[in-house]
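# Structural overview
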Amino acid sequence: MPDLLKRFRPVTLAAGALALTFGAGALVGFLYQRESDKPPAQVVTTRPETVRPTAPRIDMPRVEPPRVEQPRVQEQAEESSAPKAPSATVPIIAPPLAKPAPPTVLAAMMPPPLPPGAAPAPLAPGAPLWQKNAVPFVPRSGGPMIAIVIDDMGLDRKRSSRVVGLPAPLTLAWLPYANDLPRQTKTARTAGHELMVHIPMEPRASDIDPGPDAMKVGVGNAELLRRLDHGLKSFDGYIGVNNHMGSRFTEDAAGMRVILGELQRRGLMFLDSRTTSHSVAFGIARGIHLPALGRDVFLDDDMSPSAVRASLAKVEAVARRQGYAIAIGHPHDATVDALVEWLPSVAAKGFTLVPVSAILKHRQPSG
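What counts as what
Residues numbered from 1 in each chain as written. Predicted model: local features only at pLDDT ≥ 70, side-chain atom pairs only at ≥ 80, totals over all residues. Heavy atoms only, no water. Helix = DSSP H or I, 4+ residues; strand = E, 2+ residues; numbered from the N terminus. Buried < 20%, exposed > 50% of the residue type's maximum accessible area, 1.4 Å probe, protein only. Contact = heavy atoms within 4.5 Å. Areas by Shrake-Rupley, 256 points an atom, 1.4 Å probe, with all protein chains shown as cover. Core = buried A, V, L, I, M, F, W, Y, C linked by side-chain atoms within 4.5 Å. Pairing = 2+ DSSP bridges. Right-handed = clockwise from strand over helix to strand, strands pointing away. Phe/Tyr/Trp six-rings, centres within 6.5 Å; stacked < 30°, edge-to-face > 60°. Lys NZ or Arg CZ within 6 Å of the ring centre and 35° of its normal. Salt bridge = Lys/Arg side-chain N within 4 Å of Asp/Glu carboxyl O.

## Observations concerning the overall build of the protein
- Scanning the protein from N- to C-terminus turns up twelve helices and nine strands.
- Per-residue burial for the protein yields a buried fraction of 37% across its 367 residues.
- Residue pairs at least 24 apart in sequence account for 71% of intrachain contacts in the protein once pairs closer than 6 positions are excluded.
- Total accessible area on the protein stands at roughly 22400 Å², and carbon and sulfur atoms take up 59% of it.

Right, here's the structure in full:
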């Protein structure tokens, strides 16, 4: 038995090797078959000239624009100042008056009294004092002229200063018993305003005091002349006189002849404030060839703002009708506020703001 095994041992080994080889080949074939069962990979062939370089993609972070926060106060200011279109069913209501602009701002808005290149006509030899002291003025156009006279200047320094700050030329009448008149009136004249002396005269009401050294009926000619001279010495640079009160005295022919005769002798003019409809001043002035004018409208008999604005509208109507108008007001807050609002519109409405002397020259060119 052992001999038999020895005889077949090479065969067994050869068969085992063959089986091992066959098994390995079968395994390789099996594995190859599994790979061949897969779909073939897609092969892309590209010609070199069709290849385009592609920039690498860079994902940039999204940048939001900076947000600027406006102050809430500014937003409210813009909302309040921007006009809003009214609804078709809501009536349009005029807004309330804005706070008046400072007089210095208004003065910058108004044109100068003399246009560029223009100059007033030279004074003739021996010209009267009212012409020498008149504000040099040449109207810009031939439209109606308006003169605004403010009486009672000088006593209330604060309100008088507000008036002086208004756009020139106004005509300012100063009470002769106010303090520091040379300085006050010089400031006013430097600002371009014309000056007058506001002489106190006796009123009808005996319980109303017109002030010291008033012209009164029956005091005698010499006393009248003394009081007038005292008032005219309070400052200089004025064109003439207008009456403070005087509803009784301006009706007295004897007293008015004394006063107006002295004004004529000094080369001055007279503006009748017309505190009474029975004043004799105009007739006497005409008889002695004294340059004279009369007030057309009082601005502030009623000192409410609406009444003053209505009076200014009346001034415009008078100026359109007769070619000029003279209005008299006083240094009240309502009057000054209304003028601050009204003065910048004068030229746009076709009027020319003038000193009183310009109207006097227009009506009496010969002086």
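Picking up where we left off.
## Quick notes on the nonpolar core
- Within the largest apolar cluster, 56 residues are counted, with the highest numbers of intra-cluster contacts made by I148, L172, W174, L260, L263 and F270.
- Among the elements that line this core, the one with the most residues is helix α11 (residues 333-342), at six residues.
- Those residues in contact with I148, other than ones at most four positions away along the chain, are L170, T171, L299, A327, L339, W342, L353 and V354.
- One finds A134, F137, L293 and I328 within the second-largest nonpolar core, a separate group that totals 21 residues.

## Concerning the pairing of strand β3 (residues 194-201)
- Here β3 lies mainly inside the structure; eight of its eight residues are buried.
- Both faces of β3 are covered, namely the face carrying E194, M196, H198 and P200 and the face carrying L195, V197, I199 and M201.
- Pairing geometry for strand β2 (residues 171-174) and β3, over four bridges, is parallel. Across the sheet, residue W174 finds its bridge partner in β3, namely V197.
- Read from β2 through helix α6 (residues 181-190) to β3, the crossover connection turns out right-handed.
- As defined by bridge partners, β3 adjoins strand β4 (residues 240-245) across five bridges and the pair is classed as parallel.

## A short note on the packing of aromatic side chains
- Scanning the entire structure with this criterion turns up one aromatic pair.
- For the cation-ring pair, R274 lies above F282, with the distance from its terminal atom to the ring centre recorded as 5.9 Å.
- Directly above the ring of F298 sits R295, whose terminal nitrogen or CZ lies 4.0 Å from the centroid.

## A word on the pattern of salt bridges
- Taken as a whole and assessed by the stated rule, the structure comprises 17 salt bridges.
- Residues R162 and D333 are paired through a salt bridge, measuring 3.4 Å at the closest nitrogen-oxygen approach. Within this pair, whereas R162 is found in helix α5 (residues 157-164), its partner D333 is found in helix α11, the two being separated by 171 residues in sequence.
- Overall, R162 belongs to the partly exposed group, its relative accessible area being 25%.
- Classification of D333 by relative accessible area gives partly exposed; the value is 34%.
- For E262, the salt bridge goes to R265, with nearest N and O atoms at 2.6 Å.

## Here we look at the side chain of S311
- With respect to the element layout, S311 can be found in helix α10 (residues 305-322).
- Exposure remark for S311: the relative accessible area of 15% places this residue in the buried category.
- S311 has contacts with V297, F298 and L299, leaving out every residue within four places of it along the chain.

## Considering unusual backbone geometry
- Omega for the bond connecting A168 with P169 falls within 30 degrees of zero, at 5 degrees, which places this linkage in the cis form.
- Here D152, not a glycine, exhibits a phi torsion of approximately 60 degrees, which is positive.
- Within the secondary structure, D152 is located in strand β1 (residues 145-153).
- The exposure class of D152 is partly exposed, given its relative accessible area of 22%.
- Phi at M245 is positive, roughly 65 degrees, even though this residue is not glycine.

## Observations concerning the pairing of strand β5 (residues 269-272)
- A two-sided burial pattern is seen for β5, the buried positions comprising M269 and L271 on one face and F270 and D272 on the other.
- In this structure, β4 lies alongside β5, joined through three bridges in parallel fashion. From the neighbouring strand, V241 faces β5, where its bridge partner is F270.
- Taken together, β4, helix α8 (residues 253-266) and β5 form a β-α-β motif whose crossover is right-handed.

Geometric descriptors of this kind do not, in isolation, establish any biological role.
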